[in-house]
Amino acid sequence: MKGTGGAAGFRRTALAGAVLATALGGGAILAACGAGGQDGAADGPARLTVADSYIPLPPAGGTAAGYLTVRNDGGRDQLVGVSSPGAGSITMHRSTASTMEQVAGLDVPAHGALQLARGGNHLMITGWQKAPALGDEVELDLTFAKAGTISVKVPVKELTYRPGQQ
């Protein structure tokens, strides 16, 4: 019995080993390709622009909301802070149907947009150095986890202003 199988048995074992190695190697390649797409590395750096920004006129210099859209033509990022030389504090908030909560960051999806709008994500601005007036422009410094800081001039609009409406 010691000699059964011989060369044919060796060939079958070698062939099975080669098939298994190929399958495992192909799986590793597919897993590596899939991982690159999921973590955003394949998208490269974020390419951010800011549009549709405005601050509705706050009552007598009180707390104001801030709205804008961050468009991204690159890899994902996150808005992690907002400041202004004209305000003491700016915090980021998320609103739902029944609550508003402060958040530490807001995601900017790859090849997508982060919208800060009435009834959703928004900024809360307090501690004005000088009460803003209709037509003023307020500097906001938006800090992103990967892209760094972008400074934008945001117009103060009437309380009832809605972008896209004349």
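Source: prediction; values computed, not measured.

Colleague: It is not clear to me how the environment of Val-103 should be interpreted in this structure. Could you clarify?
Modeller: Tracing the sequence through the fold places Val-103 in strand E5 (residues 100-103). Taking relative accessible area as the criterion, Val-103 reaches 11% and is therefore assigned buried. For Val-103 and Thr-91, which are twelve residues apart along the polypeptide, the C-alpha to C-alpha distance reads 7.8 Å. Leave out the neighbours within four places in its chain, and Val-103 touches Met-92, His-93 and Arg-94.

Colleague: Teacher, can you tell me more about the packing of aromatic side chains here?
Modeller: Two measures describe an aromatic ring pair: the distance that separates the ring centres and the angle between the ring planes. Under the counting rule described, the total for this entry stands at two aromatic pairs. Geometrically, the ring pair formed by Tyr-54 and Tyr-67 is tilted, given 5.2 Å between the ring centres and 45 degrees between the ring planes. Of this pair, Tyr-54 sits in strand E1 (residues 48-56) while Tyr-67 sits in strand E2 (residues 64-72), placing them 13 residues apart in sequence. The class of Tyr-67 is buried, set by a relative accessible area of 10%. Judged by centre distance (4.8 Å) and plane angle (75 degrees), the rings of Tyr-54 and Tyr-161 are edge-to-face. Separated by 107 residues along the polypeptide, Tyr-54 in strand E1 and Tyr-161 in the segment after strand E10 (148-157) bring together distant segments of the chain.

Colleague: Could you clarify how one ought to interpret the side chain of Thr-69 in this entry?
Modeller: Note that Thr-69 resides in strand E2. On the accessibility criterion, Thr-69 (6% relative accessible area) is buried. Not counting the four nearest positions on each side in its chain, Thr-69 is found in contact with Thr-49, Val-50, Ala-51, Asp-52, Ala-113, Leu-114 and Gln-115.

Colleague: For this particular structure, what's the right way to read the pattern of salt bridges?
Modeller: Where charged atoms from two side chains of opposite charge come close, those side chains can pair. Considering all chains together, one arrives at four salt bridges under this definition. Of the charged contacts in the structure, one is a salt bridge between Arg-94 and Glu-101, with a shortest N-O distance of 3.1 Å. Exposure remark for Arg-94: the relative accessible area of 34% places this residue in the partly exposed category. Overall, Glu-101 belongs to the partly exposed group, its relative accessible area being 41%. The salt bridge partner of Asp-136 is Lys-130, with a shortest N-O separation of 3.5 Å. Residue classification places Asp-136 among the partly exposed residues on the basis of a relative accessible area of 23%.

Cut-offs used in this document
- Residues numbered from 1 in each chain as written.
- Predicted model: local features only at pLDDT ≥ 70, side-chain atom pairs only at ≥ 80, totals over all residues.
- Heavy atoms only, no water.
- Helix = DSSP H or I, 4+ residues; strand = E, 2+ residues; numbered from the N terminus.
- Buried < 20%, exposed > 50% of the residue type's maximum accessible area, 1.4 Å probe, protein only.
- Contact = heavy atoms within 4.5 Å.
- Phe/Tyr/Trp six-rings, centres within 6.5 Å; stacked < 30°, edge-to-face > 60°.
- Salt bridge = Lys/Arg side-chain N within 4 Å of Asp/Glu carboxyl O.

Read these as layout, nothing more, since geometry by itself doesn't imply function.
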